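Each chain is listed here by its residues.
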Amino acid sequence: MLLADSLIVIGLATASLGTIHEADGPVDHTFCLRNAGSDTVAVRQAYASCGCTTLHFDRARRLAPADTMNVVLCFNPRGKGGDFEETGTLVYGSLAGHDAGGQGTAAPRQVRLVLTGHCISSEETLLRQFPVRISDAIRLSANRFDLGYMRTGERRERTVVVLHRGTPAPQPAAGTTGADRQERIAVTFTATNELGSGLHHVSVPITIAHGADSVSVPITFDVIIK
């Protein structure tokens, strides 16, 4: 049974953009909404999941029963990379029974629109996200972590993201990432009695396998043990 003031999406409320490239700039998708209720409705508020996503529609529009409207959800991939899921939410309500301020008195409802896909980062973004160069083939998100204060016996974990860079074909197919891939490695530190109290700079090695080769990389923890 449909609600008295119900906006529904004609088609899917989630749109997949597939594989996009940061260098190509913003991408968007148009959603069509229909008033499936018996009262005229209006959008009271609209917001997105983050600053990289915007909603575009006629904010002054009032939708009578059976009327439709288009909403464009736009995603700007600048500085982004990897899988993404961005949302836009419309808060709407019936105009039946206005209050003194001209707003409908019925409780507001929401409709949620979603964009998903995979973004291939530009070279500039990759270098910013993975500033630590181990070799031409391996870069890290970080190789040093500040753990602050810890008590003896306490254990903490941090994650190092490894960017494996391969040698793409001279002209890789559109929509592919060549041989680049990311790997997450968890690194743990335990404040032992042997270390004693005070400031310590402790190196913990991790092993990174790249193809048939592997390399040992030190990860440094800066910590003050109480």
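Residues numbered from 1 in each chain as written. Predicted model: local features only at pLDDT ≥ 70, side-chain atom pairs only at ≥ 80, totals over all residues. Heavy atoms only, no water.

Concerning the sheet that holds strand β11 (residues 138-140)
Operational definition: Paired strands are those between which DSSP finds at least two bridges. For helices the rule is a DSSP run of H or I covering at least 4 residues; for strands it is a run of E covering at least 2, with both sets numbered from the N terminus onward.
Judged by pairing direction, the sheet is antiparallel, and its four strands sit side by side in the order β10-β11-β13-β14 without closing on themselves. Single-partner strands in this sheet number two, and they are β10 (132-133) and β14 (181-190). Sheet topology note: the strand β13 (residues 155-164)/β14 ladder contains ten bridges and is antiparallel. Residue pairing in the sheet places R156 in a bridge with F189 of β14.

Observations concerning unusual backbone geometry
Heads up, the rule is: Only protein chains enter the area calculation, which uses a 1.4 Å probe; residues under 20% of their type maximum are buried, those over 50% are exposed, and those in between are partly exposed.
The backbone phi angle of A66 is positive, close to 80 degrees, even though this residue is not glycine. A relative accessible area of 52% means that A66 is categorised as exposed.

Examining the sheet that holds strand β15 (residues 198-210)
Put simply, the test is: For helices, the fitted line uses only the C-alpha atoms of the stretch in contact; every axis is such a line through C-alpha atoms, and the angle between N-to-C directions lies from 0 to 180 degrees.
One open sheet accounts for three strands, arranged β12-β16-β15; its pairing is mixed. Strand pairing shows two members of the sheet lacking a second neighbour, β12 (144-150) and β15, which therefore form its edges. Strand after strand, the sheet turns through a mean of 25 degrees between neighbouring axes, direction not considered. Pairing geometry for β12 and strand β16 (residues 213-225), over six bridges, is parallel. Looking at β16, one finds that R144 is bridged to T220.

So, the state of the cysteines
Short version of the rule: Two cysteine sulfur atoms form a disulfide, by the criterion used here, when they sit within 2.5 Å.
This model, assessed by the stated rule, comprises one disulfide. The residue that forms a disulfide with C50 is C52, at a sulfur-sulfur distance of 2.4 Å. The structure places no disulfide on C74, whose sulfur is separated from the nearest cysteine sulfur, that of C52, by 9.6 Å. Residue C119 stays outside any disulfide, its sulfur separated by 9.9 Å from that of C52, the closest cysteine. Taking relative accessible area as the criterion, C119 reaches 2% and is therefore assigned buried.

With respect to the side chain of N35
What counts, and what does not: For this analysis, a polar contact is any N or O atom pair within 3.5 Å, provided that within protein one partner can donate a hydrogen and the other can accept it, and provided that sequence-adjacent residues contribute only side-chain to side-chain pairs.
Tracing the backbone shows N35 in strand β3 (residues 27-35). Residue classification places N35 among the buried positions, given a relative accessible area of 1%. Side-chain polar atoms of N35 contact the backbone oxygen of D39, separated by 2.8 Å. A polar side-chain atom of N35 sits 3.0 Å from the main-chain carbonyl oxygen of L63.

Focus on the packing of aromatic side chains
This is how the line gets drawn: Stacked, tilted and edge-to-face are the three classes applied to pairs of Phe, Tyr and Trp rings, where Trp contributes its six-membered ring and a pair requires centres within 6.5 Å; stacked means planes under 30 degrees apart, edge-to-face means over 60, and tilted covers the rest. Placement of a charge over a ring requires the Lys NZ or Arg CZ to be within 6 Å of the ring centre, with the centre-to-atom vector within 35 degrees of the ring normal.
In the structure shown here, the tally under the stated rule is three aromatic pairs. With 5.6 Å between their ring centres and 40 degrees between their planes, F189 and F221 make a pair best called tilted. Here the residue F189 occupies a position in strand β14, and F221 occupies one in strand β16, the gap between them amounting to 32 residues. This pair shows no difference in class: F189 is buried, exactly as F221 is. Each member of the aromatic cluster is reached from another via a ring pair, and the members are F145, F189 and F221. Above the ring of Y149, the side-chain terminus of K226 is found at 5.2 Å from the ring centroid.

Some words on a nonpolar patch on the surface
Our working rule: Here a patch means residues that are over 30% exposed by relative accessible area and free of salt bridges, tied together within 9 Å if like-charged and within 5 Å if nonpolar (Val, Leu, Ile, Met, Phe, Trp, Tyr). Where accessible areas are quoted, they stem from the Shrake-Rupley method and a 1.4 Å probe; at the residue level, only the protein chains shown are allowed to cover. We count a salt bridge whenever a side-chain nitrogen from Lys or Arg sits within 4 Å of a carboxyl oxygen from Asp or Glu.
Nonpolar side chains collect at one region of the surface, where Y149, L199 and I224 lie side by side and expose about 310 Å² of accessible area between them. By secondary structure assignment, the location of I224 is in strand β16.

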